[in-house]
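Close look at the chain arrangement
Residues per chain, in single letters:
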Amino acid sequence: MSNDPIRRHVYAYLSEKSTEELLETWRKNDRFEWTGLAFDVIQELLIERGADIPGQNEPIWEYRAKDAINDDLEEPTIFYKPGQVVRLCEWINRVIIAAPVLFYTQELIRLPGYVDLIRAYLPDFFIRDLLAWVFALIYTNVVVVIGFLFIYFPLKGLATVLQILMDMDLRTRSSKLSYTAGE
Amino acid sequence: LDIADELYTKKHERLQHYAMIAGVFAWLIAICYVMAAIGLLPSNWIWHIRTRGLPDEIAKNILEVFSYDPLIVFSVLVQFLKTILTGAVLALILKGISHGLHMLIEIDLNQKLLLQGESDEQ
């Protein structure tokens, strides 16, 4: 077996799964849920267990939490709707994309004003205009980056926390279901 | 459901209350910012026209303003969109907090139910 600790960890985790589960994951080929390394390990495990390796479906690259929730959740949530959380995360991602575009547009419109302002402070010499443009561009970029980071970190952090919480809820739910099913 | 009712404590009730307030505020903020963006449009429009040294009469015709200086129209539009974006960011954060608190209640109750089930089994 490999000396790579991550690979060993993945191997240990996946080796606890039954051959049927591994075959199902292999066939489903969900690349959003499983990494390339996981698929390598699954293949290795299937070969070790002497299973025939079937063909794979088209790889899935997108987050399909909404579908997964609708398919897998046997017991509805009481206090929130998972679909709404997924939609919220999608909106957060849209805002994160829209924000820098809007900031850049606004600052580019203001750029000539900044150039005039900076030029007024510079002494009169032959590269004054060029320097004014350079400083104005640097200032514009700094303003846009700082403005964007103020939006990016809270929103991205929030989206990540929500996804982790949803995963935690699904895990506690599924273990509760498996416990109930075991009874 | 009776067991779930037993597990639902005052702490959960308080948390649910906060979540509800955050959810309501999210909508309020979204509406306020949209209204502010629309309300500020005329004053922004006039301000941009005056700072460019154009006469006030021209303000009534967007196409005429656009032909004089397209940047005025873009500036006002971007300002409008930025106000909406600010409102959207605040509303999304509050809505996220609301959902997060609801999820915490759900997780806590799930785990309590799970633990209770395990102790019953023993």
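Cut-offs applied
Residues numbered from 1 in each chain as written. Chains lettered and ligands numbered in written order. Predicted model: local features only at pLDDT ≥ 70, side-chain atom pairs only at ≥ 80, totals over all residues. Heavy atoms only, no water. Helix = DSSP H or I, 4+ residues; strand = E, 2+ residues; numbered from the N terminus. Buried < 20%, exposed > 50% of the residue type's maximum accessible area, 1.4 Å probe, protein only. Contact = heavy atoms within 4.5 Å. Areas by Shrake-Rupley, 256 points an atom, 1.4 Å probe, with all protein chains shown as cover. 1 Å grid on protein atoms, 1.4 Å probe; cavity = no way out; pocket = protein on both sides within 12 Å on 5 of 7 lines; lining within 4 Å. Points joined across faces, edges and corners; volume = space filled by probe spheres on them. Nonpolar A, V, L, I, M, F, W, Y, C, P; charged D, E, K, R; others polar. pLDDT = per-residue confidence, 0-100. Buried area = accessible area lost by both parts, 1.4 Å probe. Salt bridge = Lys/Arg side-chain N within 4 Å of Asp/Glu carboxyl O. Polar contact = N/O pair within 3.5 Å; in protein donor to acceptor, adjacent residues only side chain to side chain. Arc of directions from axis to C-beta. Axes fitted to C-alpha atoms, helices over the stretch in contact; angles between N-to-C directions. Parallel < 35°, antiparallel > 145°, perpendicular 65-115°, else oblique. Left-handed = near helix turned anticlockwise from the far one by under 90°.

**Some points on the overall build of chain A**
When helices and strands are counted, chain A shows six helices and zero strands. When the helices and strands of chain A are placed in sequence order, the string is α-α-α-α-α-α. Relative to its 183 residues, chain A shows a buried fraction of 34%. Intrachain contacts of chain A at a sequence separation of at least 6 include 69% that bridge at least 24 residues. Surface accessibility of chain A: about 11,500 Å² in total, with carbon and sulfur atoms responsible for 60%.

**A short note on the side chain of His-12 of chain B**
Residues and elements named next belong to chain B. Among the secondary structure elements, His-12 is positioned in helix α2 (residues 10-51). Judged by its relative accessible area of 1%, His-12 is buried. Not counting residues up to four positions away in its chain, the partners in contact with His-12 are Leu-7, Ile-105, Asp-108, Leu-109 and Lys-112.

**Looking at the layout of surface pockets**
In this approach, a probe sized like a water molecule rolls over the atoms, and the result shows the empty space that is left. Computed from the structure, the second largest pocket encloses a volume of approximately 460 Å³. Lining the second largest pocket are 19 residues, with Leu-88 and Trp-91 of chain A together with Trp-27, Ala-91 and Leu-92 of chain B sitting closest to its centre. For the lining of the second largest pocket, the secondary-structure elements that each account for two or more residues are α5 (82-121) of chain A together with α2 and α4 (70-121) of chain B. Residues that form the lining of the second largest pocket fall into these classes: 13 nonpolar, three polar and three charged.

**Focus on the confidence of the model for chain A**
All names here are of chain A. Looking at chain A as a whole, its pLDDT mean stands at 81, while 81% of the residues score no less than 70. Contacts for the low-pLDDT stretch residues 65-72, under 50 throughout, to residues beyond four places or in other chains number 10 contacts. Confidence drops under pLDDT 50 across residues 177-183; counting only partners more than four residues distant or on other chains, this segment forms six contacts.

**Thoughts on the interface of chain B and chain A**
With 33 residues of chain B at the interface, the matching set in chain A holds 32 residues. Here chain B and chain A share an interface that buries about 2,900 Å² over both sides, 78% of which is from carbon and sulfur atoms. When residues of chain B are sorted by the area they lose upon contact with chain A, Leu-92, Met-103 and Glu-106 of chain B head the list and together hold 22% of the total. On inspection of chain B and its partner chain A, the count reaches zero salt bridges. Counting every contact that joins chain B to chain A gives four residue pairs in polar contact (both at pLDDT 80 or more). At 31 residues, the largest contribution of residues to the side of chain B that touches chain A is made by α4 of chain B.

**Some thoughts on helix α2 (residues 19-28) of chain A**
Residue and element names in this part refer to chain A. For α2, the complete set of buried residues consists of Leu-22, Leu-23, Thr-25 and Trp-26. All buried residues of α2 project into a common sector of 165 degrees when viewed along the axis, lining one side. Among the residues trailing α2, Asn-29 stands out with phi positive, at a value near 55 degrees.

**Some points on the packing of α2 of chain A against helix α3 (residues 36-48) of chain A**
Residue and element names in this part refer to chain A. In the contact formed by α2 and α3, the axes pass within 10 Å of each other and the chain directions differ by 135 degrees. Classified by the angle their axes make, α2 and α3 are oblique. By crossing handedness, the relation of α2 to α3 is classed as left-handed. Together, Thr-19, Leu-22, Leu-23, Thr-25 and Trp-26 of α2 and Phe-39, Ile-42, Gln-43, Leu-45 and Leu-46 of α3 make up the contact between the two elements. Classifying every residue of the contact of α2 with α3 by side-chain character gives seven nonpolar, three polar and no charged.

**Some remarks on the environment of Val-41 of chain A**
Residue and element names in this part refer to chain A. With respect to the secondary-structure elements, Val-41 resides in helix α3. Sequence separation of Val-41 and Tyr-11 is 30 residues, and the distance between their C-alpha atoms is 6.0 Å. Beyond its immediate sequence surroundings of up to four residues, Val-41 is in contact with Arg-7, Val-10, Tyr-11 and Leu-14.

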